[in-house]
Amino acid sequence: MHSNWRDCQEWRSEGLPLSTTSNEACKMYDATLAQLLGFYNDSSVGGMQKSADKMVEADPNFIMGQTWSCLLKRYSGQLTWRDAEFQTNVDDLVKRAETAEITGRERKHVNAAKLFADGYSIEACLAWEKILVDYPTDALAVKLAHDTYLDLGYQRQMRDSVARVLPYWKTTKPLYGYLLGMYSFGLVETDLYAPAETMARKGLEMNKQDIWSSHALVHVLEMTARYEEGIKFLNSTRNDWTTCDALAYHNFWHWALYYLEKGDFDGALGIYDAEVLQRHNLGCKSEQGVKLHDAASLLARLEMEGINVGDRWDDVYEYCRPIIDSHVRCFTDIHMLMACHGAKQKELGQNLMESIRDYIRNTKGSNRDITQSGLPVFEAFEAYNDEDYGRAVDIIHPIRYDLVKLGGSNAQRDVFNMFLIHAALRAPGRYYQNLARQLILEREALRQKTPLIDQLMAKTVNAHMD
């Protein structure tokens, strides 16, 4: 882990000067950046949020320190349209940046942060990309674009944004290794599994605790149906990636998915109880949405397979209840609806849908536009919950290849593939049964024959006999 934090002179020598005379502010900038890229909280600086606070304390006029405060609040799930104080703080930051003696690069970061906070994620990515044209070693711009492209489902952009700047980085440059994990993830999300695996393993050679590289490798092993190898890898390296408390729970979610594909539902539920749930409220706030996605999608997939998950939905529902009106991402809102349905909270589900419609009517921005395009998915899940399985299929089947626009990874969106299969299995009529069988055959062609696929195919036989 990078821990020799860079001071004012070191940042200048790298061509990325920071407009402050405080060496401590510069070092805390570096510390916060390292933790964001590495998904961990460094106890030597009190964790990511504390190091960001120390940055501002060291120099209250440090524009990039104030920008960090804005970014971390946005990462935690806040948007200016629903938080008047946040809106005021962001607007004040923009005004100060207009007259402050700062670099053009820093001013561009402020403008990008405002777009991000206001819900214009696509436009924010374009702003970070413009920074990278002139400053390809700006790790903050690389990371923010990478994460936001993932949220947007912009897979090729996520891959290529790293590919363009990686040649400018010396292997000895601090934080270089993290770019390998990012590039690997972009490769796996665009189905380039062999180079993705090579890049992930290279990242782990440089830093065995680089959870984004291990996470990218986990995706490769899942997409190439190497489930046993995936379980062995996660188990043998557990002490490395669990040091990254801000994302370790997500690797456990992938571990549970391996068990699902093997048809070992008890194993998947055991991982959920011992790790996913227990880590649900741990780590930094910056990954709240992913925690919800993991818990809700795993329980939903287990229930689709006929597993009684008991009252486990109640914990997920309680997690959602205070943030039901946040609408940070359409993808997150869909998982909130899953939680409402799972916990049998139909009224809250209806409230969520009304809140989403209000959000679409009363706000602007690319995030809002994505939510509007995702409305049919909400309707399909509502139909499924009402046991109108044919309607659920009729809604989601024609748009299945467009769901990438909702964001998330291929593995995360796989819940929609399974949703469609199970809706077709449950819908009455030969057409739906034939469709279910073909969807399962399609899955087998991509992932090879697995116990889960065998069980799904057996259900089509039973349905045909019925």
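Residues numbered from 1 in each chain as written. Predicted model: local features only at pLDDT ≥ 70, side-chain atom pairs only at ≥ 80, totals over all residues. Heavy atoms only, no water.

Draft legend 1. Seen up close, the packing of aromatic side chains. By the definition in use, this model includes 19 aromatic pairs. Measuring from centroid to centroid gives 6.0 Å for tyrosine 75 and phenylalanine 116, while their planes differ by 70 degrees, and the two rings are edge-to-face. A residue pair is termed long-range when its members are at least 10 positions apart, and tyrosine 75 in helix H4 (residues 63-75) and phenylalanine 116 in helix H6 (residues 104-117) qualify at 41 residues. For tyrosine 75, a relative accessible area of 12% translates into the label buried. Between tryptophan 241 and phenylalanine 252, the aromatic rings sit 4.8 Å apart at their centres with planes inclined by 65 degrees, giving edge-to-face as the arrangement. You can see tryptophan 241 sitting in helix H14 (residues 238-241) and its partner phenylalanine 252 sitting in helix H15 (residues 248-261), a full 11 residues away along the chain. In this structure, tryptophan 241 and phenylalanine 252 share a single accessibility class: buried. An aromatic cluster of at least three residues, connected via ring pairs, comprises Phe331, Phe381, Tyr384, Tyr389, Phe416 and Phe419. (Phe/Tyr/Trp six-rings, centres within 6.5 Å; stacked < 30°, edge-to-face > 60°. Helix = DSSP H or I, 4+ residues; strand = E, 2+ residues; numbered from the N terminus. Buried < 20%, exposed > 50% of the residue type's maximum accessible area, 1.4 Å probe, protein only.)

Draft legend 2. Structural view of the pattern of salt bridges. Using the criterion set out here, one finds 35 salt bridges in the structure. The residue arginine 400 makes a salt bridge to glutamate 442 at a minimum N-O spacing of 2.7 Å. With arginine 400 in the loop between helix H23 (389-396) and helix H24 (410-426) and glutamate 442 in helix H25 (residues 430-447), this residue pair connects regions lying 42 residues apart in the sequence. By sharing partners, the salt bridges in this structure join Glu222, Glu261, Arg301, Asp414, Arg443 and Arg447 into a single network. (Salt bridge = Lys/Arg side-chain N within 4 Å of Asp/Glu carboxyl O.)

Draft legend 3. Broad picture of the nonpolar core. With 172 residues, the main nonpolar core has Tyr29, Trp128, Trp313, Val316 and Phe416 as its most contacted residues. For phenylalanine 416, the residues in contact, after removing those within four places along its chain, are Phe331, Ile334, Met338, Val377, Phe381, Leu403 and Leu406. (Core = buried A, V, L, I, M, F, W, Y, C linked by side-chain atoms within 4.5 Å. Contact = heavy atoms within 4.5 Å.)

Draft legend 4. Representation of the packing of helix H19 (residues 330-342) against H24 within the structure. Closest axis-to-axis distance for the H19/H24 pair is 13 Å, and the angle between their directions is 45 degrees. In terms of their interaxial angle, H19 and H24 are classed as oblique. H24 is crossed by H19, and the crossing has left-handed handedness. Of the residues in H24, those touching H19 at Phe331, Ile334, His335 and Met338 are Gln412, Arg413, Val415 and Phe416. Considering only residue class, the contact of H19 with H24 consists of 5 nonpolar, 2 polar and 1 charged. (Axes fitted to C-alpha atoms, helices over the stretch in contact; angles between N-to-C directions. Parallel < 35°, antiparallel > 145°, perpendicular 65-115°, else oblique. Left-handed = near helix turned anticlockwise from the far one by under 90°. Nonpolar A, V, L, I, M, F, W, Y, C, P; charged D, E, K, R; others polar.)

Draft legend 5. Up close: empty space enclosed by the protein. A full pass over the atoms with the stated rule returns 5 cavities of 30 Å³ or more. Considering the residues around the largest cavity, the lining is formed by Arg74, Ser121, Thr148, Asp151, Leu152, Val328, Arg329, Cys330, Asn367, Ile370 and Leu406. Those elements that provide at least two residues to the lining of the largest cavity are helix H8 (139-152) and helix H21 (366-373). The biggest single contributor to the lining of the largest cavity is H8, with 3 residues. (1 Å grid on protein atoms, 1.4 Å probe; cavity = no way out; pocket = protein on both sides within 12 Å on 5 of 7 lines; lining within 4 Å. Points joined across faces, edges and corners; volume = space filled by probe spheres on them.)

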